[in-house]
Amino acid sequence: MELTPRMKQILQVLLKEPDAVSVKNLAEQIGVSRRTVQRELESIQTPLKAYELTFESKTGVGVWIDGSDAQKARLLAVCSAGDDYDVSNREERRKRLVLEILKEKGLRKLYYYSSQFGVSEATVSADLEAVEGWLGRFGLFVIRKPGSGITIEGSEASYRRAIRAFISENIDTRLVREAYGAEGDAPVRYDSLKKSNIGQILNNDVMKRVMDCITGIDHDRVLTLTENSYVGLIIHTSIAVNRILKNEVIESGGGWEHSVTEDEDYKLARSIVRMLEKEFGITIPEVEVSYICLHIKGAKHERIQWADEEQMEFETRKLQQLVNEMIDVFDRGQAYLLKQDDEFIQGLLAHLQPTLIRLMYGMQIQNPVLEEIRLSYPQIYANCERVAHVLEDYTGKKVPEQEIGFLAVHFGAAIVRLEGRQEQIRKVQAGVVCSSGIGISRLMCSKLEKMFRDRMILTAYGKNDITPYIASKVDFFISSVPIEQTDAPVVFVNPLLNEKDIDSIRRMIYKYERMPKKQKAADEFSLQLEEINLVAAQIQAIIKYMDLFKVDNQISFGELLIAVAEKMSPYPDRQEMIREDILRREHISSQIFAEFGFALLHCRTGGVIRPAFSVCLTKDLGPFVHEYLKGIRTVFIMLVPVDDNVKINNDIMGHVSSMLIEDYAFMDVVAGGNKEEVRDLLSRNLKKYFNQYIARL
C-alpha cells in the first residue's frame, strides 16, 4: 500500500517524537480533526511492514512507532521527500495548478497535471476551468489543443503581473523568513520552505541559491525592503532562473524596458543578475535586469532613502510637491495641520515612491483590508478617492481601489493623531462610595488606583456624605451601594470589582477625560477671557516682530538657513536649533514651491518662544540663482514654539499659510519689498482671523 500525503504527515510527527503522542496532540500538530487522524491510523500498519516497523497504541498513553532507529530514519527520509499536500483540498490544489502554469508556460497534457497532483484528468479539467477567470484578469488565456495539451497565451508582461499577484495573494512570508533569517544549519533552515506550497512547486534548490545571492548583497535598497517585498523578489527571481535553466525563452518586455532609467536601482539589479549568472553558470537576458529593477522600485521599504541636502534630486522634489497637492485635495481645512505631521509625511512619501512605479507599469498589489477600510472609514476612503485623481493626473493611469485603500490607511492614521492632539486629555475626578466611606470604598480606591493612577483622582465617600456640593466637584461616582439621585452619573459595581465593572469604569474615564473640567459659570468666562487674551497676544507678537530682510541672489540653501536663523533669534544656541529644525522639516517634505514662486520654511522649534513670521527676498527683488532655490523669488518663514499652545499657534499660522495662496494682493505687496506695507496687509488679514475666532466662541 502506498503512503498517502496525509499518512506521510502523520508519520513525520510520530517518527520525530521520542515518546507516545496522544491522537488529539497529533491532530493539532497536523492541523486536522481527531476523526481524520483516527481514520488514517486504521490503515497505517500495512505500509509500515516494508520498513520492519509496527504501529502501537495504548489507551491513556497515546500512539507511537516501534522499531529500530535505522528503519525509522529510512522511513522519515521517504516521508520528508516529495510533494506532500492534501489532494482533497480543492482550493490548495487549484493554487498549485496556477503556479505550475505560470512557472512552466509551455504545452502540457492533462495527464501531466493529473499525475503531478494525484487526481483524475477530469478533476484537472474542472480545476482548469475554475482558474481561467483568475488568469484572465491579467490578460492570460487558456488554449486547449486536442492531442497536444494546453497552453497559456499572453504577453511576458502579463505573465509577470500574474506572478506578482499570485505571490501577494498566497505566499506565507513567515516560511521564507525562517529559511533566510533563522540561525543554525542550512538544511534545517530550509526545511520549512521545502514543505511549503512554494517549495513543493518551485525547485527548492534553485530558490535556496537565489536566496543566498540576494541576501548576501549588502545594499541599503535590499536591506530596507519589507518582508513581503523581499520574499516577492526572491520568488520572482527564482521563477525566472528556473525557466532559463530549462532553456525556456524569456521574451522581451515589448519595448517598455528601454524606458527604465539606469539609476542606482538599475545598477543594483545588474549586480544581482551578475551574481546569479556566476552562481548558476547561465546568461540572463537584459530584460530581466529591467524586471528586477522594477521590482525593487515598486517594492515597499521600511524607511525612505534621502538624497544629500545640497543635491536633492529633481524627482524627489516633484514627489514632495505631489504630496502637498494630495493633502490639499484630501481636506483643505486641515491641510496645514496635516503637513505638520512628520510621521505622516515621511510615511506617505515612502509609500508613494513604489506606488507611482506600480501605477506607471501596471503592477498589481493586494490589499487584504480593503473592505474593512471602506466600511469602517467611509469618509476617509471617499476623500482618498479624490486624492487618487491627483495621482491619475500625474501618471495618466487609473488608480486601483487597492491603492486607494492603502492611501486611506496613511491619511486615516494622520487624522486620528490630529484628533488626539486636539483633544484636551485630563485626569477625571471620581468619588468611590460605600456605606461608611471607610471600608469597602477604601479597598476599591486602592484597586482602582493601581489600574488607573495616571487617568483619575479618587476620593472615598460614605453614602451619607454625598451632598450637592460634593456632586458638583466629581465627574462621576463609583458605588457599591444604592444612592439617591445626584447631579453626577453613577456606576454601580460589585464591591470586588469584576471585569464587567472595570470595563464600565474604563468607558466612563474615556468619556470624561476628554470633556472640560467642571467649572462655575464665572470660572468658564474667566478661562475664555484668558484664551482670548492669549490669541490676541500671539497675533500682536506676529505683527510686531515681523521682519522683511534681503539676501544675495547667489546664496545657497545652506547659507540661507544660517541667515534666516540669525534674523529669527539673537542667541547662537537658538539659531542652531532653528536651522536644524527647518532642515529636518525640509528633508521630510520640501516646502519650496517653484510653481508658486515662493518657499515656505516652517517648523515647530525650541528656538523661538512665540509664533514668528518673516519674509526674505533677494537684494534686487529678482529670483534666487542657486539650483536648490531656482525659480522662486520669495521665502516665507513661519515658526511656532514648542509649548502647550500648539493648537492656537497652528490655527493662527494655518490662516497665514492659506493667505499666501489665496490672497493675490498680499503676494503683490510682498513682491514690492516694502516692509511696512507687508506688515499692514498682514495685520488686516490677522484682524479678519481674530474676528472669526471671536464669532466662533
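Residues numbered from 1 in each chain as written. Predicted model: local features only at pLDDT ≥ 70, side-chain atom pairs only at ≥ 80, totals over all residues. Heavy atoms only, no water.

With that settled, consider the overall build of the protein chain. A tally of helices and strands in the protein chain yields 33 helices and 13 strands. The 697 residues of the protein chain split such that 48% are buried. Nonlocal contacts in the protein chain, meaning residues at least 24 apart in sequence, comprise 68% of its contacts between residues at least 6 apart. Total accessible area computed for the protein chain in this model is approximately 34,600 Å², and 50% of it derives from carbon and sulfur atoms. (Helix = DSSP H or I, 4+ residues; strand = E, 2+ residues; numbered from the N terminus. Buried < 20%, exposed > 50% of the residue type's maximum accessible area, 1.4 Å probe, protein only. Contact = heavy atoms within 4.5 Å. Areas by Shrake-Rupley, 256 points an atom, 1.4 Å probe, with all protein chains shown as cover.)

On to helix 8 (residues 121-136), then. With 16 residues, helix 8 should cover 22 Å at 1.5 Å per step; its first-to-last C-alpha distance of 22 Å lies within 8% of that length. Taken as a whole, helix 8 carries its principal kink of about 30 degrees at Ala-130. Within helix 8 the residues assigned to the buried category are Val-124, Asp-127, Leu-128, Val-131, Trp-134 and Leu-135. (Expected span 1.5 Å × (residues − 1). Bend = angle between axes of the 7 residues up to and from the residue.)

Before going further, it helps to examine the nonpolar core. The biggest cluster of nonpolar side chains holds 66 residues, and the ones touching the most others in it are Met-326, Leu-391, Phe-411, Phe-613, Phe-636 and Phe-666. Once residues within four sequence positions are removed from consideration, Phe-411 is found in contact with Met-326, Ile-327, Phe-330, Phe-344, Leu-348, Cys-384 and Val-387. Residues Val-119, Leu-140, Ile-214 and Ile-284 belong to the second largest nonpolar core, which totals 50 residues. (Core = buried A, V, L, I, M, F, W, Y, C linked by side-chain atoms within 4.5 Å.)

Moving on to the environment of Ala-269. Looking at the element boundaries, Ala-269 is found in helix 17 (residues 264-280). Distance from Ala-269 to Leu-294, taken between C-alpha atoms, is 8.9 Å for residues 25 residues apart in sequence. Leave out the neighbours within four places in its chain, and Ala-269 touches Val-289, Ile-292, Cys-293 and Ile-296.

Okay, the packing of helix 31 (residues 646-662) against helix 33 (residues 675-696) next. Axis separation between helix 31 and helix 33 bottoms out at 11 Å; the angle between their running directions is 130 degrees. As summarised for this structure, helix 31 and helix 33 are arranged oblique, according to the angle between their axes. For the pair helix 31 and helix 33, the sense of crossing is right-handed. Residues Asp-651, Ile-652, His-655, Val-656 and Met-659 of helix 31 pack against Leu-682, Asn-685, Leu-686, Tyr-689, Gln-692 and Arg-696 of helix 33. Class assignment for the residues of the contact of helix 31 with helix 33 results in six nonpolar, three polar and two charged. (Axes fitted to C-alpha atoms, helices over the stretch in contact; angles between N-to-C directions. Parallel < 35°, antiparallel > 145°, perpendicular 65-115°, else oblique. Left-handed = near helix turned anticlockwise from the far one by under 90°. Nonpolar A, V, L, I, M, F, W, Y, C, P; charged D, E, K, R; others polar.)

Another aspect to go through is the sheet that holds strand 5 (residues 428-434). Two orientations exist for strands paired in a sheet by backbone hydrogen bonds: parallel and antiparallel. Across the sheet, which stays open at both edges, the four strands sit in the order 6-5-7-8 with parallel pairing between neighbours. The sheet is open, and its two edges are formed by strand 6 (456-462) and strand 8 (490-492), each paired on a single side. Strand-to-strand twist in this sheet, taken as the mean axis angle between neighbours without regard to direction, amounts to 25 degrees. Both strand 5 and strand 7 (residues 476-479) contribute to a ladder of four bridges, which runs parallel. Note on strand 7: the bridge partner recorded for Val-432 is Ile-478. Helix 25 (residues 440-452) rests against strand 5, strand 6 and strand 7 of the sheet, and its axis sits at about 175 degrees to strand 6. (Pairing = 2+ DSSP bridges.)

On to the pattern of salt bridges, then. A complete count under the given rule lists 14 salt bridges for this structure. Residues Lys-339 and Asp-328 are paired through a salt bridge, measuring 3.0 Å at the closest nitrogen-oxygen approach. Placement of Lys-339 in the loop between helix 20 (335-338) and helix 21 (342-360) and of Asp-328 in helix 19 (residues 314-330) is noted, with a sequence separation of 11 residues between them. One salt bridge connects Asp-503 with Arg-506, and the closest N-O pair in it is separated by 3.9 Å. One end of the pair, Asp-503, and the other, Arg-506, are both in helix 27 (residues 499-512), three residues apart, so they sit about a helical turn from each other. On the basis of relative accessibility, which here comes to 35%, the residue Arg-506 falls in the partly exposed class. Connected via shared salt-bridge partners are Glu-371, Arg-374 and Glu-401. (Salt bridge = Lys/Arg side-chain N within 4 Å of Asp/Glu carboxyl O.)

In this section: the sheet that holds strand 10 (residues 592-593). Reading across the sheet, the five strands line up as 9-12-13-11-10 and stay open at both edges, with mixed pairing between neighbours. The sheet is open, and its two borders are formed by strand 9 (547-551) and strand 10, each paired with just one other strand. Pairing of strand 12 (residues 612-618) with strand 13 (residues 634-641), which is carried by six bridges, proceeds in the antiparallel orientation. Counterpart to Phe-613 in the pairing with strand 13 is Met-638. Set on the sheet, helix 31 makes contact with strand 11 (598-605), strand 12 and strand 13; between it and strand 13 the angle comes to about 170 degrees.

The subject of this paragraph is the packing of aromatic side chains. In this structure the tally under the stated criterion is nine aromatic pairs. A centroid spacing of 4.4 Å and a plane angle of 20 degrees characterise the contact between Phe-330 and Phe-411, whose relative ring orientation is stacked. Of this pair, Phe-330 sits in helix 19 while Phe-411 sits in helix 24 (residues 401-422), placing them 81 residues apart in sequence. Its relative accessible area of 2% is what places Phe-330 among the buried residues. Classification of Phe-411 by relative accessible area gives buried; the value is 0%. Taking NZ or CZ as reference, Arg-610 lies 3.9 Å from the ring centre of Tyr-545, over its face. (Phe/Tyr/Trp six-rings, centres within 6.5 Å; stacked < 30°, edge-to-face > 60°. Lys NZ or Arg CZ within 6 Å of the ring centre and 35° of its normal.)

Turning next to the confidence of the model for the protein chain. Summarising the model, the protein chain shows a mean pLDDT of 78, and 79% of its residues fall at 70 or more. Every residue in residues 179-190 scores below 50 in pLDDT, and together they form 20 contacts with partners more than four places removed in sequence or on other chains. Residue range residues 192-197 is modelled with pLDDT below 50. Its contacts to residues more than four positions away, or to other chains, number 18 contacts. (pLDDT = per-residue confidence, 0-100.)

Bringing the packing of helix 25 against helix 27 into the picture now. Direction vectors running N to C along helix 25 and helix 27 enclose 60 degrees, while the axes themselves pass 12 Å from each other. Looking at the two axes, helix 25 sits oblique to helix 27. The two elements helix 25 and helix 27 cross, and the hand of that crossing is right-handed. Every residue of helix 27 that contacts helix 25 at Leu-448, Met-451 and Phe-452 is listed here: Ile-502, Ile-505, Arg-506 and Ile-509. Along the lines of polarity and charge, the residues of the contact of helix 25 with helix 27 split into six nonpolar, no polar and one charged.

Taken across its eight residues, strand 11 has seven buried, putting it largely inside the fold. The hairpin formed by strand 10 and strand 11 contains four residues between the paired strands, and Gly-597 there has a positive phi angle of roughly 85 degrees. Inspection of the sheet shows strand 11 paired to strand 13 by eight bridges, in the parallel sense. Bridging from a neighbouring strand, Leu-600 pairs with Phe-636 of strand 13.

Next up on the list: unusual backbone geometry. Positive phi outside glycine occurs at Glu-52, with the angle close to 55 degrees. By relative accessible area, which is 62% here, Glu-52 ends up exposed. With a phi close to 65 degrees, Leu-621 is a non-glycine residue in the positive phi region.

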